[in-house]
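Take a look at the letters that make up each chain.
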Amino acid sequence: MPVDDVRQGAVADIEHITPVLARAAIAAALHNTYDGADDGTGTGAHGLLPPATAVPVAHPNGFVKLPLARVARDGRRLFLHIWAEGAEDAEIHDHRWDFASTVLRGALDNTVVDIAPQNQRDADGYRVVHYRPRPGGYRFAPAGDGAGHGVVVTSRRTEALTAGARYRMTASALHHARALPGTVTLIARGAPLRDHARVLTRGPLSERPTAWRAVDAAERRRHLDEAYAIVAGPAR
């Protein structure tokens, strides 16, 4: 079975976002001022560049994905995830890149799973499909030979994470998350390591291209204001 292994089980080699950098990135997105943007050298106070795409979108896994900035010296891309009411990842999945996450507000359960090839005696299996981004959206496609190979989950490990908790994951780590309503997480992701992510599904997934639902400017501003209030701390 093709596993698409990318340093499976290794600790993600990506830095967490410091509180100082978090405040600077959220402020930069709020005011559209990036101190590393003039010459691209990152010689400003924080070396922040504008995000490759600034428009936030409603992600199918139950959160608003809001781009903040890029870190000039190492290429990290910084995002806010704002989780909706009853938000839960629709499917077990991995990613195209390593990432580090900090819970700014709320709580989430992050469940990491291990898999093995499915055999004829395994009734409770999953089909592996590939998630591929495309301009303005994404699409799903069968993995491997086009039929999507079968796997079973052999173990699950769940970590309960509350405000202030941090975790890191490699691109190939399979997981799913469930968050309390209004949970906000701050994500630092690395460069893509492949052109797709794996998704485990039991039901049908449309292979038709799907467009992102853009979030309007007023909602973006509200999320940024709330996030900055969190990282700035109580007024003095």
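Residues numbered from 1 in each chain as written. Predicted model: local features only at pLDDT ≥ 70, side-chain atom pairs only at ≥ 80, totals over all residues. Heavy atoms only, no water.

Enquirer: Sorry if this is basic, but what is going on with the environment of glycine 125 here?
Expert: Relative to the helices and strands, glycine 125 is located in the loop between β7 (107-117) and β8 (126-134). With relative accessibility at 15%, the residue glycine 125 sits in the buried group. With 75 residues separating them along the chain, glycine 125 and leucine 200 place their C-alpha atoms 9.1 Å apart. Excluding its chain neighbours within four sequence positions, the residues that come into contact with glycine 125 are Gln118, Val151, Val152 and Arg202. (Helix = DSSP H or I, 4+ residues; strand = E, 2+ residues; numbered from the N terminus. Buried < 20%, exposed > 50% of the residue type's maximum accessible area, 1.4 Å probe, protein only. Contact = heavy atoms within 4.5 Å.)

Enquirer: Just checking my understanding: could you explain the layout of surface pockets for this structure?
Expert: Take a probe with the size of a water molecule and roll it over the atoms, and the empty space left behind shows itself. Estimated volume of the largest pocket: approximately 1,000 Å³. Listed by contribution, the elements that provide at least two residues to the lining of the largest pocket are β3 (63-71), β4 (77-83), β6 (99-105), β8, β9 (137-142), β12 (174-179), β13 (184-189) and β14 (197-201). Of the residues contributing to the lining of the largest pocket, the split by class is 26 nonpolar, eleven polar and ten charged. (1 Å grid on protein atoms, 1.4 Å probe; cavity = no way out; pocket = protein on both sides within 12 Å on 5 of 7 lines; lining within 4 Å. Points joined across faces, edges and corners; volume = space filled by probe spheres on them. Nonpolar A, V, L, I, M, F, W, Y, C, P; charged D, E, K, R; others polar.)

Enquirer: Just to check I follow, could you spell out the confidence of the model for the protein for this structure?
Expert: In low-pLDDT regions, the fine details of the predicted coordinates are not to be read closely. Looking at the protein, the pLDDT average stands at 85 and 83% of residues meet or exceed 70. Throughout residues 1-11 the model reports pLDDT below 50, and contacts reaching past four residues in sequence, or to other chains, amount to 28 contacts. Scored below 50 in pLDDT, residues 37-44 shows ten contacts in the model against residues more than four places distant or in partner chains. (pLDDT = per-residue confidence, 0-100.)

Enquirer: Just to check I follow, could you spell out the pattern of salt bridges for this structure?
Expert: Where charged atoms from two side chains of opposite charge come close, those side chains can pair. What the rule picks out here adds up to nine salt bridges. Glutamate 226 is the salt-bridge partner of arginine 105, the closest N and O atoms lying 3.6 Å from each other. Of this pair, arginine 105 sits in strand β6 while glutamate 226 sits in helix α2 (residues 217-232), placing them 121 residues apart in sequence. Judged by its relative accessible area of 31%, arginine 105 is partly exposed. In this structure, the salt-bridge partner of aspartate 114 is arginine 157, at a minimum N-O distance of 2.8 Å. Of this pair, aspartate 114 sits in strand β7 while arginine 157 sits in strand β10 (residues 150-162), and the two are 43 residues apart along the sequence. (Salt bridge = Lys/Arg side-chain N within 4 Å of Asp/Glu carboxyl O.)

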